[in-house]
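Okay, here's what each chain looks like letter by letter:
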Amino acid sequence: MNRSFRKVQVSNLKTIQLQVEEHADTVGMMRRLGNVEHPGLFDDSTSLESSLNSFRQKFDANPLLNYTDLFKLRFSVTGDDGKTHHYNDLKQVESHGTTVTIRVIFSLLVLRRLLREDSVTKEPQCRIPFFLDEVHSLDSLNRRAILVSAEKLGFIAITASPEHIGEVDAWYFLQPQLGRVTLDHHQRITARQQLQEA
């Protein structure tokens, strides 16, 4: 994930790094149990019993164990000023545009790892469309980061905007007829045609 993030320019950030941090109390307890050797018949079993009792008490209080009980994700973001900020979630990372861009790219990277790949080419065996509304609210650098990343990862970005943007391959101008909106090749204007006309 970090290697993939390094290849994408998001806003004016130098680096985005994902860190997985263990919750030491729960994971440490599980490690201790995993590493404890079963004592022999005449050996002292005090440490094993203590670890088991602690583990039992924890699960008596809360029998459901989620990944979030074991690990937390932390994002470290270094700006162009060299200062690093840490975020424990993706609710607000720097500006709104930066947050949206990181969320979308992070989601695409996670989904990409779940897709089957061709064993020879390592390309995904299918392309999945996703919808990104209000894309005009992102600056051109972040729009390009999302669209280029989506293309490289095997996704098809379908965007919506009240005004046309220049980073897409084609535009569809939707107009209702008799209360319905239909989408076909007659409404498609490719970016290349648009540039030649301009």
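Provided above is the structure to which this section pertains.
One structure accompanies this document, and this report is about it. (Residues numbered from 1 in each chain as written. Predicted model: local features only at pLDDT ≥ 70, side-chain atom pairs only at ≥ 80, totals over all residues. Heavy atoms only, no water.)

### Brief notes about the side chain of Arg112
Looking at the element boundaries, Arg112 is found in helix α5 (residues 96-114). In this view, Arg112 contacts Glu117, Lys122, Glu123, Pro124, Leu153 and Phe155; residues no more than four positions away in its chain are not counted. (Helix = DSSP H or I, 4+ residues; strand = E, 2+ residues; numbered from the N terminus. Contact = heavy atoms within 4.5 Å.)

### Section: the packing of aromatic side chains
Counting across every chain of the model gives 2 aromatic pairs. Between Phe75 and Phe106, the aromatic rings sit 5.5 Å apart at their centres with planes inclined by 85 degrees, giving edge-to-face as the arrangement. Taken together, the residues span a long stretch of sequence, with Phe75 in strand β2 (residues 71-78) and Phe106 in helix α5 at a distance of 31 residues. In this structure, Phe75 and Phe106 share a single accessibility class: buried. Taken together, a centroid distance of 6.4 Å and an interplanar angle of 80 degrees make the contact between Phe130 and Phe155 edge-to-face. (Phe/Tyr/Trp six-rings, centres within 6.5 Å; stacked < 30°, edge-to-face > 60°. Buried < 20%, exposed > 50% of the residue type's maximum accessible area, 1.4 Å probe, protein only.)

### Section: the pattern of salt bridges
Applying the stated criterion to the full structure yields 4 salt bridges. In this structure, Glu21 engages Lys72 in a salt bridge whose closest nitrogen and oxygen atoms are separated by 3.8 Å. Here the residue Glu21 occupies a position in strand β1 (residues 15-22), and Lys72 occupies one in strand β2, the gap between them amounting to 51 residues. For Lys72, a relative accessible area of 33% corresponds to the partly exposed category. Among the ionic pairs, Arg127 bridges to Glu151, the shortest N-O distance being 3.6 Å. (Salt bridge = Lys/Arg side-chain N within 4 Å of Asp/Glu carboxyl O.)

### A few points about α5
Helix length check: α5 (19 residues) gives 27 Å between terminal C-alpha atoms against 27 Å at 1.5 Å per residue, within 8%. Taken together, the buried positions of α5 are occupied by Gly97, Thr98, Thr99, Thr101, Ile102, Val104, Ile105, Phe106, Leu108, Leu109 and Arg112. Check the buried side of α5 and you find it contacts α1 (2-6), β1, β2, β4 (128-132), α6 (140-153) and β5 (155-159). (Expected span 1.5 Å × (residues − 1).)

### Section: the environment of Lys83
Considering the arrangement of structural elements, one finds Lys83 in the loop between β2 and β3 (84-87). The exposure class of Lys83 is exposed, given its relative accessible area of 53%. Taking the C-alpha atoms as reference, Lys83 lies 9.9 Å from Leu13; in sequence the two are 70 residues apart. In contact with Lys83, not counting residues within four places along its chain, are Val77 and Thr78.

### Looking at the pairing of β2
In this structure, β1 lies alongside β2, joined through 8 bridges in antiparallel fashion. Bridging across to β2, Val20 finds its partner in Leu73. The pairing of β2 with β3 spans 4 bridges and is antiparallel. If you follow Ser76 over to β3, its bridge partner there is His86. Counting the residues between successive antiparallel strands, the hairpin from β2 to β3 contains 5 residues, one of them, Gly82, with a positive phi of roughly 85 degrees. (Pairing = 2+ DSSP bridges.)

### Side note on a nonpolar patch on the surface
Nonpolar side chains collect at one region of the surface, where Val20, Tyr67, Phe71 and Leu73 lie side by side and expose about 430 Å² of accessible area between them. Looking at the secondary structure, you find Val20 in strand β1. Residue Val20 is classed as exposed on the basis of its relative accessible area, which comes to 56%. (Patch = residues over 30% accessible without salt bridge, like charges linked within 9 Å, V, L, I, M, F, W, Y side chains within 5 Å. Areas by Shrake-Rupley, 256 points an atom, 1.4 Å probe, with all protein chains shown as cover.)

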